[in-house]
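So the chains spell out like this:
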Amino acid sequence: MSVTILVINSGSSSIKYQLFKGNSALAGGIVERIGEPKSRFVHRLFQSRQTIEETISEEPVSNHGEGMSRIFTALMESGCLQHEADLLGIGHRIVHGGEAFKEPTLIDDQVLTRIAEIIPLAPLHNPANLKGIQVALEICPHVPQVAVFDTAFHQTLPPPVFHYPLPYCWYKTHHVRRYGFHGTSHHYVSKQAAAYLKQPLETLHLITLHLGNGASATAIKAGKSMDTSMGMTPLEGLMMGTRCGDIDPSLPLYLTQALGKSPEELDSLLNRESGLKGICGTNDMRQVHALAKAGDPLASLAIEMYCYRIKKYIGAYYAVLGRLDALIFTGGIGENDALIRNHVCAGLAHLGIVIDHKKNQTAGHDIFAIQGEGGAVTVLVIPTDEELEIAQQTLALIQNQKCLDAHS
Ligand code: ADP
């Protein structure tokens, strides 16, 4: 049991978790609707990535502390843990690390204070992430805890890339810059691609497309993020499930006046009512396809817009990288949607991107290559696993720390 790592992703009303032994997930689940009358707790046991048992309970969970206790009770009752001390470490997903955190960090009081200082940059996420750390520390005060930041991988962006063309003093006074998100996923799939290609990551030029409900593209050179489509917040960049992505920066002002909305209402409309949902009424890509198939012109428009905008980023990042070794699709849509992959890659043969339609139809849980004949660029579909990446980074940091302690 000694190399067991628990990964926690704490949201405002939910806690997701996964327990790893080495690279294998033993158990996982979610406590959701915390603080609401009808909470829900789903606990699953895994074997070879498949769920072998699922328990669902709908008793009220009044706060995060109670949610975390339920998780530990379930892990112990199902025999995955004998005692909290069996855990080698706990890895916490933290959305925003600002400029302070460039890598996974062992949590202490000072780190907690610094994460709290970043709350203005991620007012919805960081407080919820901090709550997860606090309740885990209460239950396991002696287990090392590590913060893994969604933004950290993008801290390698060069200054001309991360600065916005705005008054420079706003960067100094209000921390206005591109941070980028989904870093754990982009980092994970880039390493997976290098292993699959049997080439050192340091030699590769990659474009990674994380296409889930949120979506972002990243240009990666020698293992470093060189540009990424999300910005100061996750609203910038690609068209997403409910987020607009890139729009004319004058539009919010115009729309607050034209619609008579407050800035907060408009922010919510751009984040929750736009993207695929704004164009055709649903953010679920499977439903968008069903509507398009049934002849809904707005669903077809949404698909075309979605793919066109990804294509533009591929072109831009190709120019940034100068050479492209592999294009990588990941996330719920990137991993499962052959039609979107096909639309995105269509017409890119002049960039060396050609896909094989039969290979593109492959379905499964493993990495597969879909480039076709005559394509110079390897096109890969790679299932992302942000929890495993957090577990690996947590373990590496703790082992490193133990080595340092042993030699000091
Ligand atoms: P999140 O960002 O919430 O983690 P996911 O990575 O799970 O999101 O991706 C959710 C998106 O993936 C949804 O739009 C969903 O419709 C889409 N999706 C999931 N499975 C499929 C599939 N088999 N075919 C097409 N789209 C899919």
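In the annotation of an unreviewed UniProt entry, the entry for the protein reads Acetate kinase, and the organism field reads Nitrosococcus halophilus. What UniProt records for the protein under Subunit (unreviewed entry) is the sentence "Homodimer." Its UniProt record gives the protein a comment under Subcellular location (unreviewed entry), which states: "Cytoplasm".

A.B. asks: Can you walk me through the sheet that holds strand β8 (residues 145-149) in this structure?
C.D. replies: Either a parallel or an antiparallel arrangement is found when strands of a sheet pair, and the pairing is made through backbone hydrogen bonds. With mixed pairing, the eight strands of this open sheet are ordered in space as β5-β4-β3-β2-β1-β6-β8-β7. Of all the strands in the sheet, just β5 (50-57) and β7 (105-106) have a single pairing partner and so form its edges. Pairing of strand β1 (residues 4-10) with strand β6 (residues 87-94) involves five bridges; the strand directions are parallel. Looking at the pairing, Ile5 lines up with Gly89 of β6.

A.B. asks: Would you mind showing me how to read the UniProt feature "active site" (unreviewed entry) in the protein here?
C.D. replies: Following the UniProt record, one finds the feature "active site" (unreviewed entry) at Asp150. Relative to the helices and strands, Asp150 is located in the loop between β8 and α4 (159-162). When neighbours within four sequence positions are excluded, Asp150 is seen to be in contact with Arg93, Ile94, Val95, Gly180, Phe181, His182, Gly183 and Thr184. Within the structure, Asp150 has its side chain in polar contact with the side chain of Arg93 (distance 2.5 Å).

A.B. asks: Looking at this structure, I do not really get the packing of aromatic side chains. What am I missing?
C.D. replies: How two aromatic rings sit relative to each other is given by the distance of their centres and the angle of their planes. Within this structure, the stated rule accounts for five aromatic pairs. When the ring of Phe101 is compared with that of Phe149, the centres are 4.3 Å apart and the planes differ by 10°; the resulting orientation is stacked. One end of the pair, Phe101, is in the loop between β6 and β7; the other, Phe149, is in strand β8, with 48 residues separating them in the sequence. Here the two residues Phe101 and Phe149 agree in accessibility, since each one is buried. Relative to Tyr317, the ring of Tyr313 lies with its centre 5.6 Å away and its plane at 70°, an arrangement referred to as edge-to-face. With Tyr313 and Tyr317 both in helix α11 (residues 297-321), this residue pair falls four residues apart, about one helical turn. Given the relative accessible area of 3%, Tyr317 is considered buried. Taken together, Phe162, Tyr168 and Tyr171 form an aromatic cluster joined through their ring pairs. The side chain of Arg177 reaches across the aromatic face of Tyr179, ending 5.0 Å from its centre.

A.B. asks: Help me understand the layout of surface pockets in this model?
C.D. replies: Gaps left between atoms show up when a probe the size of a water molecule is rolled over them. Size it by volume and the second largest pocket reaches roughly 420 Å³. Taken together, 17 residues make up the lining of the second largest pocket; nearest its centre are Asp284, Met285, Arg286, Gly332 and Ile333. Listed by contribution, the elements that provide at least two residues to the lining of the second largest pocket are α10 (285-293) and α12 (331-336). In terms of residues, the lining of the second largest pocket owes the most to one element, α10, which gives five residues. Its residues assigned to classes, the lining of the second largest pocket comprises five nonpolar, eight polar and four charged.

Calculation notes
- Residues numbered from 1 in each chain as written.
- Predicted model: local features only at pLDDT ≥ 70, side-chain atom pairs only at ≥ 80, totals over all residues.
- Heavy atoms only, no water.
- UniProt positions renumbered as here; feature names shortened; annotations may be inferred.
- Pairing = 2+ DSSP bridges.
- Helix = DSSP H or I, 4+ residues; strand = E, 2+ residues; numbered from the N terminus.
- Contact = heavy atoms within 4.5 Å.
- Polar contact = N/O pair within 3.5 Å; in protein donor to acceptor, adjacent residues only side chain to side chain.
- Phe/Tyr/Trp six-rings, centres within 6.5 Å; stacked < 30°, edge-to-face > 60°.
- Buried < 20%, exposed > 50% of the residue type's maximum accessible area, 1.4 Å probe, protein only.
- Lys NZ or Arg CZ within 6 Å of the ring centre and 35° of its normal.
- 1 Å grid on protein atoms, 1.4 Å probe; cavity = no way out; pocket = protein on both sides within 12 Å on 5 of 7 lines; lining within 4 Å.
- Points joined across faces, edges and corners; volume = space filled by probe spheres on them.
- Nonpolar A, V, L, I, M, F, W, Y, C, P; charged D, E, K, R; others polar.

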